[in-house]
Amino acid sequence: MPVKKEKEPLIMHPRPSSIVAALYTLRDLDTDVVILHGPPGCSFKHARLLEEDGMRVVTTSLDETGFVFGGHDALVEVLEKVIERFNPRRIGIVGTCASMIIGEELHEAVTQVQPDVPVIEVDVHAGYRDNTKGVVMALESALASGIISEAEFERQKALLKEATLVEKRHGAASKEYLEPNRGDLKYKVAERLLELIKQGKKGLNILNAKKETAFMFADINLAVAQVAQKLGYGSNIVNMVNLDDNVGLPKNRRNAREIKDDLKEKGFEIHHIIGGLDEYPVAGNTADKIIGEKYSDYDFAVISGVPHALPMNNIKNMELFSVTNGPRQVIPLKEMGHTHVVVEIDLHPKTLGVSHIVESEFGATLREMVKDA
Amino acid sequence: MPKQIAIYGKGGIGKSSTASNVAAACADEGYRVTIIGCDPKSDSSITLLQGRRIPTIMDLMREGIDIKEEDIVFKGYKGVKCLEIGGPEPGIGCAGRGIIVAISLLKKISRAIEDTDLVIYDVPGDIVCGGFVAPVKKGLVNEAYVLTSGEYMPLYAANNICKGLSRLEMTLNGVICNSRGALNEEKIVSEFAKEVGSQLLAFIPKDVLVQTCERDGYSVIEKAPDSQIAAVYRKLAKSIMGKREGKIPVPLDDSRLRELTRI
Ligand SMILES: Nc1ncnc2c1ncn2[C@@H]1O[C@H](COP(=O)(O)OP(=O)(O)OP(=O)(O)O)[C@@H](O)[C@H]1O
Ligand code: SF4
Ligand SMILES: [Mg+2]
């Protein structure tokens, strides 16, 4: 008997796109140029941002005529031009809804042009429920062209599965509709946090950020450590970060190293490494275990990055300060029991193309408030 | 690797009848056969299933079923595996995308297209969009056949198909004449086949038996095994299963095509 899949509940708010997810994955794989095979405006904002990270994104600019007559010739032309203009060492070709619906075969253009550098083809469109699908598809293709190992592929796949679950449980996919929210006033939250520190309360300072967003989220943890130090309570703070630089794709390792070096230079002591930059869906579990063993009697916790990936088990009795970059993450976090939720608006764009920690608003607020202490 | 064939030709020329009779004849010979209907009207396998209609891949997808091989592969006459891709209702959605989705699904879940000796893709007469060439483009078809009568319009369609095949760099492995009783028909189609760089594999006479068996839900191979036309299908089946090199066809220009139908 055919078995019906459980009908997935409707989600109405717009969510991250699988096409964009594929683009970011290609960047992590050190792809030099990506050709988006589709309409000129597709994924425009992210295509632009990715250039900050040094990856070129170009489009075949399919128009009405392309939709009707197919875009093979356009793809061949753009591929040839890309090779000539950018002399890339690694090329990506990414599908879009438009080209996939009309049945474009990305591989045909590659066969025709025969570039002498590897080409990662991703037959993706934006119609998948979970944007992680775009990541998996890009990785599958990278695996097929021998760019990543089977072991790394399996590792990534397992992480993505967890990431999808994290979003379903308490994230962007947890409700039919999530109202965006600007979070609590940074000044008020900072005031309360400083009050606790001054009272000599013990606090956990946790960075659990997704990939390059750590460049700014780390600034919050850095600021917390700095202000505690300045107030004479530095030893009450325990720092945990997902900055393992021995795991993940080359870019993620590189970034972990850069952030760690920066932190070290600024006198930040890392007490626990809870995982790598791509391990944010599971690093929370490692943190949870450590907290259970050593710090379950702590008074407060600051969690920046993906706070909703941290299990509530051992922190539910603490006063929680979480910092996110998703306005739609505020309500789920409050519902989980996070007392204070701060949103760093537009964080991601500021973390592209950087190799040092970037100042955050919340971090700046904290520092400003103890300036004269 | 199984022989994977597709039969092309003008709408209504007899592709589905030919496909199911060839499938049945090959099954009689002991071959393991799979027939995949790529037409939204899903009429490719009815005559192998005693007139029964099977759920199509698209039906199941629409209902949100977690599709497994056993949900879509149905055993027909002498174990022929029958699959229908199906599609949306006429005038709604995108049937071409349906074929693409179904073909990628098939590649993932079905052994029916691997553990077999012959796979026949029965495609609709009009390759209206990219989706309908997905079986060829996704590398699931390695031999193409063209079915035509000796009349001008079916030959015109056949010639267009040759154009399409040469564009896809796909070989043509034979031309089949399904007679509509035109004058000098066998000669015309045979000449056409030669000129596009192929050969005439069979001349199937027009026989009302095909239609009466079809009406009852059978192939002539099953319902009228001793008929003359059953023998023709058997011979064609043998010829298809035999080894033969295909060639990328060279389409004719229209004036030559017109000339040809005047002989
Ligand atoms: N050799 C034949 N003698 C008599 N009738 C035939 C013969 N071949 C096919 N037919 C009849 O012609 C009609 C159309 O055939 P069929 O459905 O196989 O065509 P088709 O090419 O598959 O059409 P479509 O393009 O719509 O899929 C059917 O009723 C069939 O029984
Ligand atoms: S609908 Fe799809 S193809 Fe069109 S712009 Fe949006 S993501 Fe791109
Ligand atoms: Mg048919």
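Per-chain numbering applies: the sequence of each chain, read as written, is numbered from 1 onward. Here every chain gets a letter starting at A, and every ligand a number starting at 1, in the order they are written. Two thresholds apply to this predicted model, a pLDDT of at least 70 for residue-level local features and 80 or more for giving and counting side-chain atom pairs, whereas whole-chain, interface and lining totals are computed over all residues. The basis for the side-chain values is all heavy atoms of the structure; hydrogens and waters are excluded.

If you look chain B up in an unreviewed UniProt entry, it shows as Nitrogenase (Iron protein) from Candidatus Methanoperedens nitratireducens. A UniProt comment under Cofactor (unreviewed entry) is attached to chain B, and it reads "[4Fe-4S] cluster". UniProt positions are given in the numbering used here, feature names are shortened, and annotations may be inferred rather than shown by experiment. Checking UniProt for chain B, the heading Sequence similarities (unreviewed entry) contains the comment "Belongs to the NifH/BchL/ChlL family."

The name an unreviewed UniProt entry assigns to chain A is Nitrogenase-related protein, from the organism Candidatus Methanoperedens nitratireducens.

Draft legend 1. Summary view of the site of ligand 1. Residues and elements named next belong to chain B. One heavy atom within 4 Å of a molecule or strand is enough for the residue carrying it to be called near that molecule or strand. Taken together, 19 residues surround ligand 1, and among them Lys15, Ser16, Ser17, Lys41 and Gln211 come closest. Within the backbone of Gly12, a nitrogen or oxygen atom sits 2.9 Å from an oxygen atom of ligand 1. Where accessible areas are quoted, they stem from the Shrake-Rupley method and a 1.4 Å probe; at the residue level, only the protein chains shown are allowed to cover. Its free accessible area being 630 Å², ligand 1 has 82% of it covered by the protein chains. Listed by contribution, the elements that provide at least two residues to the shell around ligand 1 are helix H1 (15–28) and helix H8 (208–216). Residue classes in the shell around ligand 1 are distributed as four nonpolar, eight polar and seven charged. Polar contacts, as used here, are pairs of N or O atoms within 3.5 Å; protein pairs need one atom able to donate a hydrogen and one able to accept it. Residues neighboring in sequence count only if both atoms are side-chain atoms. The numbering of helices and of strands both runs from the N terminus, where a helix is a DSSP run of H or I of at least 4 residues and a strand a run of E of at least 2. Residues are grouped as follows: nonpolar covers Ala, Val, Leu, Ile, Met, Phe, Trp, Tyr, Cys and Pro; charged covers Asp, Glu, Lys and Arg; every other residue, Gly included, is treated as polar.

Draft legend 2. Quick look at the layout of surface pockets. Residue and element names in this part refer to chain A. Of the grid points, spaced at 1 Å and generated over the protein atoms alone, those admitting a 1.4 Å probe that cannot get out make up cavities, while open sets with protein on both sides within 12 Å along at least five of seven lines make up pockets; any residue with an atom within 4 Å of a point is treated as lining. Grid points are joined across faces, edges and corners, and a volume is the space filled by probe spheres set on the points. The calculated volume of the second largest pocket comes to roughly 1,700 Å³. Contributing to the lining of the second largest pocket are 50 residues, with Pro16, Asn131, Lys210, Asn325 and His348 lying nearest its centre. For the lining of the second largest pocket, the elements supplying multiple residues, two or more each, are helix H1 (18–28), helix H2 (44–52), helix H7 (132–144), helix H8 (150–170), helix H12 (280–295) and helix H14 (347–350). The residue makeup of the lining of the second largest pocket, split by class, is 21 nonpolar, 16 polar and 13 charged. Counting only domains with at least three residues in the lining of the second largest pocket, you end up with domain 1 (18–148) and domain 2 (186–369). Domain start and end points were adopted from an automatic or database domain assignment.

Draft legend 3. Highlighting the environment of Gly87 of chain B. Residues and elements named next belong to chain B. Along the polypeptide, Gly87 turns up in the loop between strand E4 (81–84) and helix H4 (95–109). C-alpha separation for the pair Gly87 and Thr116, spaced 29 residues apart in sequence, amounts to 25 Å. Contact between two residues is taken to exist if any of their heavy atoms lie within 4.5 Å; hydrogens are not considered. If near-sequence neighbours (up to four positions away) are discounted, Gly87 is found in contact with Pro40, Met58 and Arg62.

Draft legend 4. Representation of unusual backbone geometry within the structure. Residues and elements named next belong to chain B. Phi at Lys78 takes a positive value of approximately 45°, unusual for a residue other than glycine. Structurally, the position occupied by Lys78 is in the loop between strand E3 (74–75) and E4. Remark: exposure states derive from per-residue accessible area (1.4 Å probe, protein chains only) relative to the maximum for the residue type, with buried under 20%, exposed over 50%, and partly exposed in between. On the basis of relative accessibility, which here comes to 55%, the residue Lys78 falls in the exposed class.

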